[in-house]
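In case you want the letters, here they are:
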Amino acid sequence: MSFPIVVLISGSGSNLQALIDQSLQGLLNINICAVISNKAEAYGLERAKVAGIPTHTLNHKSFDSREEFDAELQALIDQYQPKLVVLAGFMRILTETFAKHFEGRMLNIHPSLLPKYKGLNTHQRAIDANEKEHGVSVHFVSPELDAGAVILQASTEIAQEETAETLASKVHSLEHIIYPLTVKWFSEGRLTFHDGTAFFDKDALPESGILYNEALT
């Protein structure tokens, strides 16, 4: 049986496409039960439709409060009974109730080497701070923004003439490698979560998680 997941998006869905591609290639034994977006114009919805995946749009602007939106989103996700929820460019700050409901079975990808540069505009902030390297982190979602247990990180050097745009492109390439790999680990039971800590092959991970290298499978 394929491992059931639901993917949440707000934009182009390039990380969703990476999951779809690896699933079709037989590298990921997952079933993407649904793709849900808070924006009807999100191109990721088209990617899902091409792949024959059910899609839903839930406009956050139609709700009076963040709590009401999250309650409706939670109910929609739960209809599919996924074992994992994957945030793939889902640009919403989640309520504590929602985050706790899916605790230990919801992943996010963030374009920085956490705990550095939580929030937005991470590429420019890293350049402005004269960092030598930058990267991306996959982490479990917690009620606090970008603060859940880190699982896997990948880094890249910041070139002397780097711009936010060129750095973003380099980081995106890394995202499409490490996000499917993390989902694979979770689907195989190698990645787990207990009491705020991520475990890989039953070993507790350090605060910065695992640093990606090509030998990881």
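Treat the numbers as computed from the prediction; the structure is a model and nothing was measured.

Below, the discussion takes up the environment of Asp 146. Among the structural elements, Asp 146 can be located in the loop between strand E6 (133–140) and strand E7 (150–157). In the structure, Asp 146 is positioned 29 residues away from Tyr 117 in sequence and 9.2 Å away in space, judged by C-alpha atoms. Apart from the residues within four sequence positions on either side, Asp 146 is in contact with Asn 108, His 110, Leu 114, Lys 118, Gly 119 and His 139. A polar atom in the side chain of Asp 146 sits 3.4 Å from the side chain of His 110. Within the local environment of Asp 146, its side chain forms a polar contact with the backbone nitrogen of Gly 119, the two atoms lying 2.9 Å apart.

Let us now look at the sheet that holds strand E8 (residues 191–194). With respect to topology, three strands assemble into an open sheet ordered E8-E9-E10, the strand pairing being antiparallel. Of all strands in the sheet, those with a lone pairing partner are E8 and strand E10 (203–204), marking the two edges. Across four bridges, the pairing between E8 and strand E9 (residues 197–200) is antiparallel. Following the sheet pairing, Phe 193 is matched in E9 by Ala 198.

Here we take up the packing of aromatic side chains. Applying the stated rule across the entire model yields six aromatic pairs. Consider the rings of Phe 140 and Phe 193, whose centres lie 4.9 Å apart with planes at 50°: the pair is tilted. With Phe 140 in strand E6 and Phe 193 in strand E8, the pair connects residues that are 53 residues apart, well separated along the chain. Across this residue pair, the class does not change: Phe 140 and Phe 193 are buried.

Turning to the packing of helix H1 (residues 14–24) against helix H2 (residues 43–50), a few remarks are in order. A packed helix pair is summarised by two numbers, namely the angle formed by the two axes and the spacing between the axes. Packing of H1 against H2 brings their axes to within 9 Å, and their N-to-C directions diverge by 15°. Taken together, H1 and H2 sit at an angle that is classed as roughly parallel. Handedness of the crossing formed by H1 with H2: right-handed. Only Gly 44, Arg 47 and Ala 48 of H2 make contact with H1, whose side of the interface consists of Ser 14, Leu 16, Gln 17 and Ile 20. Looking at the contact of H1 with H2, its residues break down into three nonpolar, three polar and one charged.

Turning to the side chain of His 134, a few remarks are in order. Within the secondary structure, His 134 sits in strand E6. Polar contacts involving the side chain of His 134 include one to the main-chain carbonyl oxygen of Pro 111, which spans 3.3 Å. Those residues within four positions of His 134 in sequence are excluded, and the remaining contacts are Pro 111, Ser 112, Leu 113, Thr 122, His 123, Ala 126, Ala 154, Ser 155, Thr 156, Ile 158, Leu 167 and Val 171.

With numbering matched to this structure, UniProt assigns "binding site: (6R)-10-formyltetrahydrofolate" (unreviewed entry) to Arg 66, Met 91, Arg 92, Ile 93, Leu 94 and Asn 108. Locating Met 91 in the fold gives a position in the loop between strand E4 (84–87) and helix H4 (96–101). Setting aside anything within four residues of it in sequence, one finds Met 91 in contact with Ser 10 and Leu 120. Within the element layout of this structure, Asn 108 appears in strand E5 (residues 106–110). In this view, Asn 108 contacts Leu 87, Ser 137, Val 138, His 139, Val 141, Asp 146 and Tyr 179; residues no more than four positions away in its chain are not counted.

Conventions we followed
Residues numbered from 1 in each chain as written. Predicted model: local features only at pLDDT ≥ 70, side-chain atom pairs only at ≥ 80, totals over all residues. Heavy atoms only, no water. Helix = DSSP H or I, 4+ residues; strand = E, 2+ residues; numbered from the N terminus. Contact = heavy atoms within 4.5 Å. Polar contact = N/O pair within 3.5 Å; in protein donor to acceptor, adjacent residues only side chain to side chain. Pairing = 2+ DSSP bridges. Phe/Tyr/Trp six-rings, centres within 6.5 Å; stacked < 30°, edge-to-face > 60°. Buried < 20%, exposed > 50% of the residue type's maximum accessible area, 1.4 Å probe, protein only. Axes fitted to C-alpha atoms, helices over the stretch in contact; angles between N-to-C directions. Parallel < 35°, antiparallel > 145°, perpendicular 65-115°, else oblique. Left-handed = near helix turned anticlockwise from the far one by under 90°. Nonpolar A, V, L, I, M, F, W, Y, C, P; charged D, E, K, R; others polar. UniProt positions renumbered as here; feature names shortened; annotations may be inferred.

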